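Per-entry structural report
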Amino acid sequence: MKLLHIDSSARAISISRRLTAQFVEAWKRNHPGGDVIYRDLATTTIPAVTDDWAATFADPATLTPVQKAYLSISDELTAELQAADTIVIGSPMYNYSISAPLKAWLDQIVRMGKTFAIGAGAPFGLLGDKKTMVITTRGGVYGPDSPTAALDFQEPYLRAILGFIGVSDLTFLHVERQLKPEAEIEFAAAAAQINELAK
Ligand SMILES: Cc1cc2nc3c(=O)[nH]c(=O)nc-3n(C[C@H](O)[C@H](O)[C@H](O)COP(=O)(O)O)c2cc1C
């Protein structure tokens, strides 16, 4: 069994990092002998997609050495994802959405022929049975009954793009109010659920 552990907070001491680390420890206890692949997106240099990205739609057998070098980071990140049975993603909310490093990672792993394909004129995801847990951290509150619910572009976006590549077993744990006095209570409530979620 393999777990892919992804952090995307800019902060070394971050709530999402603390909770993904707790998830990993619980997962290791539940899966003795399992492997963990760690990808810290705050310290991974991921280039922006450029015009050369067109190479991802070419026949792999025709790629030049320059094109292969260009795609090497995408190949590496995509292989980590393909190898995983379980994925845990720490996602702080930045400006109502995800952090830039997580978006850069997504741009590299949404790969024609590797994580999605086209059939009968429509795209379909290739990742299939990967149990995926997204732990979001937010300063405010965006639950369905809150006045700011419509400003949550984080969960809907992640659901859409992970669904596009075939991830259907997707669970969100939202840790809200992290810039409010109730921050510690919210954190403790989330931490109490992690062991069960890491089964
Ligand atoms: C650049 C930036 C933008 C943020 N934007 C939002 C936001 O739009 N909504 C919100 O509720 N909190 C926002 N926050 C607060 C963070 O979501 C909150 O502090 C969260 O705990 C950060 O995750 P971390 O503790 O894992 O670093 C923002 C924080 C930063 C640094």
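Now for a look at the structure at hand.

What counts, and where the lines are drawn
Residues numbered from 1 in each chain as written. Predicted model: local features only at pLDDT ≥ 70, side-chain atom pairs only at ≥ 80, totals over all residues. Heavy atoms only, no water. Axes fitted to C-alpha atoms, helices over the stretch in contact; angles between N-to-C directions. Helix = DSSP H or I, 4+ residues; strand = E, 2+ residues; numbered from the N terminus. Parallel < 35°, antiparallel > 145°, perpendicular 65-115°, else oblique. Left-handed = near helix turned anticlockwise from the far one by under 90°. Contact = heavy atoms within 4.5 Å. Core = buried A, V, L, I, M, F, W, Y, C linked by side-chain atoms within 4.5 Å. Buried < 20%, exposed > 50% of the residue type's maximum accessible area, 1.4 Å probe, protein only. Pairing = 2+ DSSP bridges.

1. Brief notes about the packing of helix H4 (residues 100–109) against helix H5 (residues 155–164)
The geometry of a pair of packed helices is captured by two quantities: the angle between their axes and the separation between those axes. Axis separation between H4 and H5 bottoms out at 11 Å; the angle between their running directions is 15°. When the interaxial angle is binned, H4 and H5 end up roughly parallel. Note that H4 runs across H5; the crossing there is left-handed. When H4 is examined against H5, the residues Leu102, Lys103 and Leu106 are found in contact with a partner set consisting of Tyr157, Leu158, Ile161 and Leu162.

2. Comments concerning unusual backbone geometry
Residues other than glycine seldom take positive phi values, yet tyrosine 96 does so here, at roughly 70°. Position of tyrosine 96 among the secondary structure elements: in the loop between strand E3 (86–92) and H4. Phi angles above zero are rare outside glycine, and arginine 177 is one such case at about 60°. With respect to the secondary-structure elements, arginine 177 resides in the loop between strand E7 (170–175) and helix H6 (183–197).

3. Some points on the nonpolar core
In terms of nonpolar packing, the biggest core is built from 28 residues, with Trp105, Leu106 and Leu162 touching the most fellow members. Those elements that provide at least two residues to this core are strand E1 (2–7), helix H3 (72–83), E3, H4, H5 and E7. Sorting elements by how many residues they give to this core places H4 first, with five residues. When sequence neighbours within four positions are dropped, the list of residues in contact with tryptophan 105 reads Leu4, Ile6, Leu41, Ile46, Leu77 and Leu81. In this structure, Val24, Trp27, Val88 and Val175 belong to the second largest nonpolar core, which totals 17 residues.

4. With respect to the pairing of strand E5 (residues 122–125)
In the case of a regular strand, side chains alternate between the two sheet surfaces. Of the strand pairs in this sheet, strand E4 (residues 116–119) and E5 are connected by four bridges, and their pairing is antiparallel. Across the sheet, residue isoleucine 118 finds its bridge partner in E5, namely proline 123. Taken together, E4 and the strand that follows it, E5, pair antiparallel across an intervening segment of two residues, in which alanine 120 is found at a positive phi of about 50°.

5. Concerning the sheet that holds E3
Pairing is parallel across the open sheet formed by five strands, whose spatial order is E2-E1-E3-E6-E7. A strand with exactly one partner marks an edge of an open sheet, and here the two such strands are strand E2 (35–40) and E7. Averaged over all pairs of adjacent strands, the angle between their axes in this sheet comes to 15°, without regard to strand direction. Judged from the seven bridges that link them, E3 and strand E6 (residues 131–137) form a sheet pairing that is parallel. Bridge assignment links serine 91 to a residue of E6, and that residue is threonine 136. Lying on the sheet, H3 is in contact with E1, E2 and E3; it crosses E2 at an angle near 145°. The strands that H6 touches are E6 and E7; relative to E7, the one it contacts most, it runs at about 155°.

Worth remembering: the numbers are spatial, not functional.
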